[in-house]
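Residue-level structure breakdown
The primary structure of each chain is shown beneath.
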Amino acid sequence: MRSIEKPSEIMQTLTDDERPVVLKVDHVAKSFRLPTEQANGLKMAFLNWTKGIKGYTEQTVLKDISFEVRQGDFFGIVGRNGSGKSTLLKIISQIYMPEHGSVEISGKLVPFIELGVGFNPELTGRENVYLNGALLGFTREEIDVMYDDIVDFAELNDFMDQKLKNYSSGMQVRLAFSVAIKAQGDILVLDEVLAVGDEAFQRKCDNFFANIKKDQSKTVILVTHSMDAVKKYCNKAILIKDGEIIVSGNKNDVADRYTLENIRDKDSNKQHYEENSATLGLNEIVPVLSAAPVDSPLCNYDSNFNFQVEYEYNGTKPFYMALALHDLTRGGVPYGDSFDLTESGRHIVHFSIPTNMFNNGDYRVIASIHEWDGEHTESAELVAFTNENNACDFSLRDPRGTDNFALISKKALSYQILDPHLATRQF
Ligand SMILES: Nc1ncnc2c1ncn2[C@@H]1O[C@H](COP(=O)(O)OP(=O)(O)OP(=O)(O)O)[C@@H](O)[C@H]1O
């Protein structure tokens, strides 16, 4: 069905709300039955039935999902593993039927959801392009027109007469992906495709996405875990959690909330670990040591990251605190500093870090308490530390911070001590 025939020049001039709706998902719900008891044969099934044993549990994956996608949208679907994104794409692509609700589509929808569906290893690359195209609903003549473009994009000109089983897995993905994106559909549905192929192929895909984003006659629905991709390509997005949409519309709100949800999840694990202080690197000299954000752990260049470290020191020696900054995205410890602590007992020291010298990434502040051996501070011993469960995580997401390195100079960065009566920087 091709009901939308507006030329793209006209589409460019339409505002967001004037563009026609090409996908309407209305109160969609879906659950799966997971078998619990095995019924071997009819007799067992009958006995189970008489005992009231259903033999399955019902898992609700999507509860009540409604949203609209307009022509020209680059629409992101975001959520943690198992949140139901692929199930939703399969319902949109009419691979699964929803239990409740409906999906309305205007135009030709081309899904790239599961690799290899419709590919036959015994056929050549060329035959597979025609087979795949046919499965997507294109005629032989239509595929003739697209063929060269598909093969060029996949960079497989020399291999099209070889059987698919002789392709490397990367070559197979490239061919399947090229069929999906070069097929002349109106709505392209893509599940986790951003890591397809090697670096050069990825650059090509990046150009393709940048161009299709400008073409207001084409609509893309993209499932991804990359928040950089959501911010770069999408104009709208939804975040799914526990089968429901929890944020809808603005792509930046969706991407930021997704990052926050990930941080929160780590925090809820913390409580579990707090019951067992031995796993936290604590002991009777330092029974309390934890670092935590004071404001939002999601930062950009316009706000400092503020955090606090709570400690209880019951020893008698001079002692100090070290704060190591770990780069969770790229690995390594790009920055660290130490502070003499003036007060024993239980206290909270506040710190602040300027964020505009970091690149985007996830970071963790790990605090540790050290005791000096003697009055004259020749050697020190580690007495307590925060491990990943009571350390403090924060994330930086800023359009200006997309370089993939995190070089931080100690001359440029310093933790600012907000409680100078409790802590002073060493040296
Ligand atoms: N055919 C199926 N039969 C039974 N359960 C299924 C089926 N398909 C999906 N599920 C379950 O539905 C839930 C959601 O799965 P889905 O693949 O949609 O999540 P997702 O958000 O795409 O996850 P990921 O990010 O890991 O790809 C999971 O718990 C999964 O086990």
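Predicted, not measured: the structure shown is a model, and the values here were computed from it. (Residues numbered from 1 in each chain as written. Predicted model: local features only at pLDDT ≥ 70, side-chain atom pairs only at ≥ 80, totals over all residues. Heavy atoms only, no water.)

**Comments concerning the pairing of strand E3 (residues 74-79)**
One face of the sheet, then the other: side chains in a regular strand alternate in exactly this way. Buried residues dominate E3, accounting for 6 of its 6 residues. Here E3 shows two buried faces, one formed by Phe74, Gly76 and Val78 and the other by Phe75, Ile77 and Gly79. Pairing of E3 with strand E7 (residues 219-223) involves 4 bridges; the strand directions are parallel. Bridged to Gly76 within E7 is Leu222. In terms of strand pairing, E3 meets strand E8 (residues 236-241) through 5 bridges, oriented parallel. Opposite Gly79, over in E8, you have Ile240 as the bridge partner. (Buried < 20%, exposed > 50% of the residue type's maximum accessible area, 1.4 Å probe, protein only. Helix = DSSP H or I, 4+ residues; strand = E, 2+ residues; numbered from the N terminus. Pairing = 2+ DSSP bridges.)

**Considerations on the site of the ligand**
Looking at the ligand, there are 14 residues lining it, with Gln59, Gly82, Lys85, Ser86 and Thr87 nearest. Between an oxygen atom of the ligand and a main-chain N or O atom of Gly84, the distance comes to 2.9 Å. In the complex, 64% of the free accessible area of the ligand, which totals 630 Å², lies under the protein chains. When residues of the shell around the ligand are traced back to their parent elements, those giving at least two are strand E1 (21-35), strand E2 (56-70) and helix H3 (85-92). Top element by residues in the shell around the ligand is H3. It accounts for 3 residues. (Near = heavy atom within 4 Å. Polar contact = N/O pair within 3.5 Å; in protein donor to acceptor, adjacent residues only side chain to side chain. Areas by Shrake-Rupley, 256 points an atom, 1.4 Å probe, with all protein chains shown as cover.)

**Structural notes on the nonpolar core**
If you look at the biggest cluster of nonpolar residues, it comprises 49 residues, and the most contacted ones within it are Leu175, Phe177, Leu188, Leu190 and Phe209. Counting residues in hydrophobic clusters, the runner-up holds 35 residues, among them Tyr301, Tyr313, Phe319 and Ala384. (Core = buried A, V, L, I, M, F, W, Y, C linked by side-chain atoms within 4.5 Å.)

**Brief notes about the sheet that holds strand E12 (residues 305-313)**
Strand order across the open sheet formed by 4 strands is E10-E12-E15-E19, with antiparallel pairing between neighbours. Lying at the two open borders of the sheet, with one neighbouring strand each, are strand E10 (288-293) and strand E19 (416-417). In this sheet, E19 lies alongside strand E15 (residues 345-353) in antiparallel orientation, the contact comprising 2 bridges. The partner of Ser352 across the bridge, within E19, is Gln416.

**With respect to the packing of helix H5 (residues 140-154) against helix H6 (residues 169-182)**
At a minimum axis distance of 9 Å, the contact between H5 and H6 shows a crossing angle of 135 degrees. In terms of their interaxial angle, H5 and H6 are classed as oblique. Note that H5 runs across H6; the crossing there is right-handed. On H6, the residues that touch Met146, Asp149, Ile150, Phe153 and Ala154 of H5 are Arg174, Leu175, Phe177, Ser178, Val179, Ile181 and Lys182. (Axes fitted to C-alpha atoms, helices over the stretch in contact; angles between N-to-C directions. Parallel < 35°, antiparallel > 145°, perpendicular 65-115°, else oblique. Left-handed = near helix turned anticlockwise from the far one by under 90°. Contact = heavy atoms within 4.5 Å.)

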